[in-house]
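In case you want the letters, here they are:
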Amino acid sequence: MNRFLSNATNRIDAKGRVSVPSTFRAVLAQRDIRELYCFQDFVFPAISIGGPDLLDRFERQIASEDPFSPAANQMSLLIHGGGVFMKLDSEGRLMVTDFIRDFTGISAEVTFVGRADHFQLWAPQTFEAVQAAARTERRLRGLGSE
C-alpha cells in the first residue's frame, strides 16, 4: 500500500483535531513522511497534503522557468504563499487550523480524499457535490474519451 486511495469522513474533536484515516497514516509511515506539506489546491476548495517531495516537485518546475516570468511568480505565489508545513500528533491527528477552515469551508467534519501521491481535505458536502459532478461528466463523455 503505497498510494493514497479512497475517501473517509471524520469528525473534528472539541480541541480542533481530526484523526487521519489509518490507511493514510500507513502510507505516510511507509514513505517515511513525518512533516506534511499542505497547500491550497489550485482547482478545488481543498487542502492538498503530501510530503516535502511534493513541494520539491513544484520547486523544480519553478526552477525550470525564467525566475522573473509570470508563470514562475504565479506558481511561487500558490505553492509558497498558499502552503504550510504541519505534523500529525502522536495519536495520528491533524490540527484543523484557520488556514484549512477558511479555504475549504470545513466546520465539524473533514473528508479525506486519496489522490495517489497525496491526499486532500474537503468539506464533506463539497466533496460529494464535486465528485457527483465529475462522475456525471465522465459518464456523459465516456471515462476514457476526451
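Within each chain, residue numbers correspond to sequence positions counted from 1 in written order. Local features in this predicted model are restricted to residues of pLDDT 70 or higher, and side-chain atom pairs are both shown and tallied only at a pLDDT of 80 or more, whereas totals for entire chains, interfaces and linings draw on every residue. Side-chain figures throughout are based on the complete set of non-hydrogen atoms in the structure, without hydrogens or water.

Draft legend 1. Quick peek at the packing of aromatic side chains. Stacked, tilted and edge-to-face are the three classes assigned to paired rings of Phe, Tyr and Trp, where Trp is represented by its six-membered ring and a pair needs centres within 6.5 Å; plane angles under 30 degrees give stacked, over 60 edge-to-face, the rest tilted. Evaluated as defined, the whole model comprises twelve aromatic pairs. Consider the rings of F24 and F119, whose centres lie 5.1 Å apart with planes at 45 degrees: the pair is tilted. On the criterion of sequence distance, the pair formed by F24 in helix α1 (residues 22-30) and F119 in strand β8 (residues 119-122) is long-range, its members being 95 residues apart. Relative accessible area decides the class of each residue, using a 1.4 Å probe on protein chains only: under 20% of the type maximum gives buried, over 50% gives exposed, and in between gives partly exposed. On the basis of relative accessible area, F24 is assigned to the buried category, the value being 3%. Ring geometry for F44 versus W122: centroids 5.2 Å apart, planes at 45 degrees, classification tilted. Separated by 78 residues along the polypeptide, F44 in the loop between β3 (36-40) and β4 (47-50) and W122 in strand β8 bring together distant segments of the chain. Residue classification places W122 among the buried residues on the basis of a relative accessible area of 2%. Each helix is a run of H or I in the DSSP string that is no shorter than four residues. Each strand is a run of E no shorter than two, and both are numbered from the N terminus.

Draft legend 2. Structural detail: the UniProt feature "domain: SpoVT-AbrB" (unreviewed entry) in the chain. In this structure's numbering, the residues bearing the UniProt feature "domain: SpoVT-AbrB" (unreviewed entry) are residues 7-54 and 83-126. Each end of residues 7-54 is marked by a C-alpha atom, and these two atoms are 20 Å apart; helix forms 25% of the span and strand 35%. UniProt positions are given in the numbering used here, feature names are shortened, and annotations may be inferred rather than shown by experiment.

Draft legend 3. A look at helix α3 (residues 70-79). Restricting attention to buried positions, one finds in α3 the residues A72, M75 and I79. All buried residues of α3 lie within an arc of 65 degrees about the axis, which places them on one face of the element. Of the exposed residues in α3, the ones pointing more than 90 degrees away from its buried face are P70, Q74 and L77. Directions pointing from the helix axis toward each C-beta atom define the arc.

Draft legend 4. Quick peek at α1. Listing the buried residues of α1 in full gives F24, V27 and L28. Seen end-on, α1 carries its buried residues on one side only, within an arc spanning 100 degrees. Here the buried face of α1 lies against β3, β7 (109-114) and β8. Residue D32 follows α1 closely and has a positive phi angle near 55 degrees. Residue contacts are counted whenever heavy atoms from the two residues lie within 4.5 Å of one another.

Draft legend 5. Summary view of the side chain of T104. Topologically, T104 is positioned in helix α4 (residues 98-104). We classify T104 as buried; its relative accessible area is 6%. Not counting chain neighbours up to four residues away, the residues in contact with T104 comprise P45, A46, I47, L121 and A123.

Draft legend 6. Region of interest: the pattern of salt bridges. Just to be clear on terms, a salt bridge is a Lys or Arg side-chain nitrogen sitting within 4 Å of an Asp or Glu carboxyl oxygen. Taken as a whole and judged by the stated rule, the model has six salt bridges. The closest approach of N and O atoms between D13 and R17, which form a salt bridge, is 2.9 Å. Residue D13 is classed as partly exposed on the basis of its relative accessible area, which comes to 27%. Judged by its relative accessible area of 18%, R17 falls in the buried class. Close ionic contact of R93 with D89 constitutes a salt bridge, the shortest N to O distance being 2.8 Å. Relative accessible area serves as the criterion here: at 22%, R93 is assigned to the partly exposed category.

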